[in-house]
Amino acid sequence: RKGLPKSFLNRFTQVYMAALTADDYRHVCRTHFPLLPEDLVARLVQFNAALHEAVVVRREFCRSGGPWEFNLRDLYRWCELLREEQADRPGWEPAQYLDLLYLHRMRSVEDRRRARVLYEQTVGPIPAEFRGDGPPYLQLGPRSLQVGSAVLERLPGPPADQVSWREQPLLIEPQLRPLENIVRCVEKGWMTIVVGESGSGKSQLLEGLAHAAGRRLATFAMNSSVDTMELLGGYEQADPGRLRKDLRDCTAAAVHAAAQCLLLRATTADVAAGEGAGALSLLQGLLETWARGSAWLSTAVADSGGARGVVTALEQVLGLLRRARESFGVHLGPDAQERLASPASGGGELL
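A. Local environment of the overall build of the chain. A tally of regular secondary structure across the chain gives 14 helices and three strands. Evaluated residue by residue, the chain yields a buried proportion of 35% over its 351 residues. Summarising the internal contacts of the chain: among those between residues at least 6 apart in sequence, 68% fall at separations of at least 24. Carbon and sulfur atoms make up 53% of the accessible area of the chain, which amounts to about 21600 Å² in all.

Dropping the structure here:
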């Protein structure tokens, strides 16, 4: 609104909306979450209002990280978590989500301490298990990743002996508490902003989470010159060269991972001699086939015959990668399987 000229603003009818009151908050929460006791909802609203008064109005603490806003969104998420995860328990413990919804948005230990004091004055004491004194429990299972009380579905990844130490992001103990909250946000589909000084481990934390969950992490460099077209996308001329480059890069990553695993299998002492020779033979065939396919993808495709050559080369490479996976348990990476599942589709675009 501020950037629009007055001649344009005069075409609209302005409607003034007053800020919601504590009674409004209680009414909305009781209407949408009738399972929650009224006194519990009233205490949650009281804490949210007291925090808003202390931080936003009087500015007693949380001077770093502003501007702050504690509103219906926070209360709604609080009630939603209580209904979904504590409805079958004998009692209600809202302090379990205090760290996620409020404390970890604050930048300093002193700010979090004062917010805890305010919570105990309005809602009640915080049990020891929810004070965040120690790191949360971490468990990595075949189908799930659990950090504290947050659980995220996990795609199957490669065995530990098939992953280079350079490809394993390191998660250290102080990162587990923020990791628990990030996992919870991912689980709930909440947009999350990870804030910290340069070199504090923000990228490493997300890379570690993506690796542990068996997912591919997509990154986009943001700066002041990025406009909406770069974020939302738009129409642009088809570029077969870019498609060939994507196919080449994806296939090269899969071939590189398979070659590492096959070489490791061939040189492992406890592998039978025949199986080791088979791994070496498959490795040689894979590298030779990929050398021919890479040459196809590195040159311009001038006619349909060239495109068919690309498809044929990719199909041969994919067949060898499948053999490596089925015979030696080779893992191709989190996104290579999806990208290489149907090489003919990529070749069809080239045609």
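B. Broad picture of the environment of Arg 322. The topology assignment puts Arg 322 in helix α12 (residues 304–328). Sequence-wise, Arg 322 and Ala 258 are 64 residues apart; in three dimensions their C-alpha atoms are separated by 10.0 Å.

C. Region of interest: the confidence of the model for the chain. Per-residue confidence for the chain gives a mean pLDDT of 81; residues scoring 70 or more make up 83%. Low pLDDT, under 50, characterises residues 159–166; the predicted model gives this stretch eleven contacts beyond four residues in sequence or across chains.

D. Region of interest: the packing of helix α3 (residues 38–57) against helix α6 (residues 109–122). At a minimum axis distance of 9 Å, the contact between α3 and α6 shows a crossing angle of 140 degrees. Of the possible angle classes, the one that applies to α3 and α6 is oblique. When the axes of α3 and α6 are compared, the crossing they make is right-handed. Each of Arg 43, Gln 46, Phe 47, Ala 50, Leu 51 and Ala 54 in α3 lies in contact with α6, whose residues at this interface are Ala 115, Leu 118, Tyr 119 and Thr 122. Of the residues in the contact of α3 with α6, the class split is seven nonpolar, two polar and one charged.

Each value, and the rule that gives it
- Residues numbered from 1 in each chain as written.
- Predicted model: local features only at pLDDT ≥ 70, side-chain atom pairs only at ≥ 80, totals over all residues.
- Heavy atoms only, no water.
- Helix = DSSP H or I, 4+ residues; strand = E, 2+ residues; numbered from the N terminus.
- Buried < 20%, exposed > 50% of the residue type's maximum accessible area, 1.4 Å probe, protein only.
- Contact = heavy atoms within 4.5 Å.
- Areas by Shrake-Rupley, 256 points an atom, 1.4 Å probe, with all protein chains shown as cover.
- pLDDT = per-residue confidence, 0-100.
- Axes fitted to C-alpha atoms, helices over the stretch in contact; angles between N-to-C directions.
- Parallel < 35°, antiparallel > 145°, perpendicular 65-115°, else oblique.
- Left-handed = near helix turned anticlockwise from the far one by under 90°.
- Nonpolar A, V, L, I, M, F, W, Y, C, P; charged D, E, K, R; others polar.

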